Amino acid sequence: MKNILVIMAHPKFEHSRIMKGMVDEIQDMPNVTIRDLYELYPDFNVQVQEEQELLLLADVLVWLHPVYWYSSPPLLKQWIDLVLEFNWAYGPRGTYLKGKTAFSAISTGGNDAAYSANGKHGHGLTQFLLPFKQTATLCGMNYLPPFHIGGSHELAAQKLKQETGLFKSLLEFLTQNRDFSGLHQFPKLNQ
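Before going into details, it helps to say that this report is about the structure given with it. (Residues numbered from 1 in each chain as written. Predicted model: local features only at pLDDT ≥ 70, side-chain atom pairs only at ≥ 80, totals over all residues. Heavy atoms only, no water.)

**Quick word on the nonpolar core**
As a reminder of what qualifies: Among buried residues, the Ala, Val, Leu, Ile, Met, Phe, Trp, Tyr and Cys ones that are joined through side-chain atoms within 4.5 Å form a nonpolar core. Burial status follows relative accessibility: with a 1.4 Å probe on protein chains alone, a residue under 20% of its type maximum counts as buried, one over 50% as exposed, and anything between as partly exposed. The helix count covers DSSP runs of H or I at least four residues long, the strand count covers runs of E at least two residues long, and both are numbered beginning at the N terminus. Residue contacts are counted whenever heavy atoms from the two residues lie within 4.5 Å of one another.
One finds Leu55, Leu61, Trp63, Leu76, Trp79 and Leu84 to be the most contacted residues of the largest nonpolar core, which totals 33 residues. For this core, the secondary structure elements donating two or more residues are strand S1 (4-8), helix H2 (37-40), strand S3 (60-66), helix H4 (74-83), strand S4 (101-107), helix H5 (125-128) and helix H6 (130-138). Once residues lying within four places of it in the same chain are set aside, the contact partners of tryptophan 63 are Ile7, Leu76, Trp79, Ile80, Ala102, Phe103, Ser104, Ala105, Phe132, Thr135 and Tyr143. Residues Val62, Phe147, Ile149 and Leu183 belong to the second largest nonpolar core, which totals 28 residues.

Following this line, the structure appears as structure tokens:
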């Protein structure tokens, strides 16, 4: 079975229906470790070696966060800046993440239609998440399409439960499968 490391960053997690629902759904899964960055590092003093050691044990890295102003919360950016060091994560001797898999699991206030070429934001989510894809690529990782739950202000409780259940199913699939040929069964990844 593959190990999954979830790096969760939400500065107001206690007020988030979507992120809380996603974490509640996966928190008891075997082979899944969840790191709540705002709980662990309220002072932004990320413990680099500890985080790198956890990355070494992981096969799959999930960046779990809301989209804030078309990006991630600042502590996630801090984590990336510090933990993914030159000659550790990338560079001539930076091979520790090579061959691992990464993807973004995100929530937005806007629904799927708002994040499209013709929508309110004028671009698809994959365009806003390009820095994550490029980070994974630079580190020699396979980057999967993002998992998105949108419309946080209008999402009915039943629909939220369905969406978070799909997220759990995706993580179960990733822990049990060596390749990604079956990912087509997760339409949320085909954006």
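Here the narrative resumes, following the displayed structure.
**Notes on the pairing of S1**
The test is simple: Any two strands between which DSSP finds at least two bridges are classified as paired. Every crossover in which the path from the first strand over the helix to the second runs clockwise, viewed with the strands pointing away from the viewer, is termed right-handed.
Burial analysis of S1 places five of its five residues in the buried class, the great majority of the element. Summarising the sheet, S1 and strand S2 (residues 32-36) pair through five bridges and their orientation is parallel. Counterpart to leucine 5 in the pairing with S2 is threonine 33. The β-α-β motif built from S1, the intervening helix H1 (residues 17-26) and the parallel element S2 has right-handed crossover chirality. Across five bridges, S1 lies against S3 in parallel orientation. Considered in S3, the bridge of leucine 5 is made with leucine 61.

**With respect to H1**
As a reminder of what qualifies: The definition of a polar contact used here is a pair of N or O atoms within 3.5 Å, where within protein one atom must be able to donate a hydrogen and the other to accept one, and adjacent residues in sequence count solely through side-chain atom pairs.
For H1, the tally of buried residues reaches seven of 10 residues, placing the bulk of the element in the interior. For H1, the set of buried residues is Ile18, Met19, Gly21, Met22, Val23, Glu25 and Ile26. Elements that come into contact with the buried residues of H1 comprise S1, S2, S3, S4, strand S6 (147-149) and helix H7 (157-176). Between a side-chain oxygen at the N-terminus of H1 and the backbone nitrogen of methionine 19 the separation is 3.0 Å; the capping residue is serine 16.

**Description of the pairing of S4**
With seven of seven residues buried, S4 is to be regarded as a mostly interior element. Taking every second residue as pointing to the same face, both faces of S4 are buried, with Thr101, Phe103, Ala105 and Ser107 on one and Ala102, Ser104 and Ile106 on the other. One ladder, built from seven bridges, connects S3 with S4; its direction is parallel. Along S4, the bridge assignment pairs proline 66 with serine 107. In this view, the connection linking S3 to its parallel neighbour S4 by way of H4 has right-handed handedness. Two elements, S4 and S6, share three bridges in a ladder whose sense is parallel. Within S6, the position partnered with alanine 105 by the bridge is phenylalanine 147.

**Examining the side chain of serine 107**
Among the secondary structure elements, serine 107 is positioned in strand S4. In this structure serine 107 touches Ile18, Met19, His65, Pro66, Val67 and Ile149, once residues within four positions along its chain are discounted.

**Observations regarding a nonpolar patch on the surface**
We count it as follows: Candidates for patches are residues over 30% relative accessible area with no salt bridge; among them, like charges are joined within 9 Å and nonpolar side chains (Val, Leu, Ile, Met, Phe, Trp, Tyr) within 5 Å. For the area figures, the Shrake-Rupley method with a 1.4 Å probe applies, and any residue is considered shielded solely by the protein chains shown. Salt bridges are identified by distance alone: a Lys or Arg side-chain nitrogen within 4 Å of an Asp or Glu carboxyl oxygen.
A surface patch of nonpolar side chains, amounting to about 400 Å² of accessible area, comprises Tyr68, Trp69 and Tyr70. With respect to the helices and strands, tryptophan 69 occurs in the loop between S3 and H4.

**Comments concerning the layout of surface pockets**
Put simply, the test is: Only protein atoms enter the 1 Å grid used here. Points where a 1.4 Å probe fits but cannot escape make up a cavity, open sets with protein on both sides within 12 Å along at least five of seven lines make up a pocket, and a residue lines them when an atom lies within 4 Å of a point. Grid points are joined across faces, edges and corners, and a volume is the space filled by probe spheres set on the points. Basically, the charged four are Asp, Glu, Lys and Arg, the nonpolar ten are Ala, Val, Leu, Ile, Met, Phe, Trp, Tyr, Cys and Pro, and anything else, Gly included, counts as polar.
Approximately 520 Å³ is the volume found for the largest pocket. Lining of the largest pocket is provided by 21 residues; of these, Val67, Thr108, Gly109, Ser152 and His153 occupy positions nearest its centre. Among the residues making up the lining of the largest pocket, the classes are represented as eight nonpolar, 10 polar and three charged. The computed volume of the second largest pocket comes to approximately 230 Å³. Lining the second largest pocket are 14 residues, and of these Lys77, Ile80, Asp81, Pro131 and Thr135 lie nearest its centre. Mapped onto the lining of the second largest pocket, the elements with two or more residues apiece are H4 and H6. Each residue belonging to the lining of the second largest pocket can be placed in one class, and the counts come to nine nonpolar, three polar and two charged.

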